[in-house]
Each structure stands twice: as structure tokens, then as C-alpha cells.
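# Working through the structure, step by step
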Amino acid sequence: MSERSGEYGTVFRTAAGLVRGREADADGVVAVPGIPYAALPFGVRRFVEPQPSRAWAVRRSGP
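A few points on the structure. All figures in this text were calculated on a predicted structure; none of them were measured in a lab.

Counting secondary structure elements, the protein contains zero helices and five strands. Relative to its full complement of 63 residues, the protein shows a buried share of 17%. The contacts of the protein with a sequence gap of at least 6 include a subset with a gap of at least 24, amounting to 33%. Element-wise, carbon and sulfur atoms account for 55% of the exposed surface of the protein, whose accessible area totals about 5200 Å².

A few words now on the nonpolar core. Ranked by size, the top nonpolar core spans six residues in total: Phe12, Ala16, Val19, Val32, Ile35 and Trp56. With residues up to four places along the chain from it excluded, the contact list for Val19 reads Thr10, Val11, Phe12, Thr14, Val32, Ile35, Trp56, Arg59 and Arg60.

Now for the environment of Thr14. Relative to the elements of secondary structure, Thr14 occurs in the loop between β2 (9–13) and β3 (18–23). What makes Thr14 partly exposed here is its relative accessible area of 36%. C-alpha separation for the pair Thr14 and Ala55, spaced 41 residues apart in sequence, amounts to 9.3 Å. Apart from the residues within four sequence positions on either side, Thr14 is in contact with Val19 and Trp56. Reaching out from Thr14, the side chain makes a polar contact with the backbone oxygen of Gly17 at a distance of 2.6 Å.

Parameters at a glance
Residues numbered from 1 in each chain as written. Predicted model: local features only at pLDDT ≥ 70, side-chain atom pairs only at ≥ 80, totals over all residues. Heavy atoms only, no water. Helix = DSSP H or I, 4+ residues; strand = E, 2+ residues; numbered from the N terminus. Buried < 20%, exposed > 50% of the residue type's maximum accessible area, 1.4 Å probe, protein only. Contact = heavy atoms within 4.5 Å. Areas by Shrake-Rupley, 256 points an atom, 1.4 Å probe, with all protein chains shown as cover. Core = buried A, V, L, I, M, F, W, Y, C linked by side-chain atoms within 4.5 Å. Polar contact = N/O pair within 3.5 Å; in protein donor to acceptor, adjacent residues only side chain to side chain.

Set out below in C-alpha cells:
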């Protein structure tokens, strides 16, 4: 699951691209805040069910 660990967190490969997160607790839960789970609901997507987010080319990380 994880690609590599480092000073700034662990990098994970997802279907949409690379993300960086940090272990949140002793149970090994990894937190990756700020990563989109759905496309933004603007325009034609305003009143329909959430759509998958688009893939990204650069590694994303939370705030």
C-alpha cells in the first residue's frame, strides 16, 4: 500500500494518484486530510449524485 516513508509522512499510491499522509494513532490509522473523494459539485454536477474525482499528476498532501 505505501510507497515510502519519510520525515514528512508516508506516500501512498491510489487509483487517482500519489498522496501523502501521516499515522494518526497507535492503531496504525493513516490520516490524509484534504484529498478529494469526489468531483466538485459545480455546473452540470450541481444536482446529481457525486462523481469520482479526476486523477492528478502530482503528489497531493493535506494541509
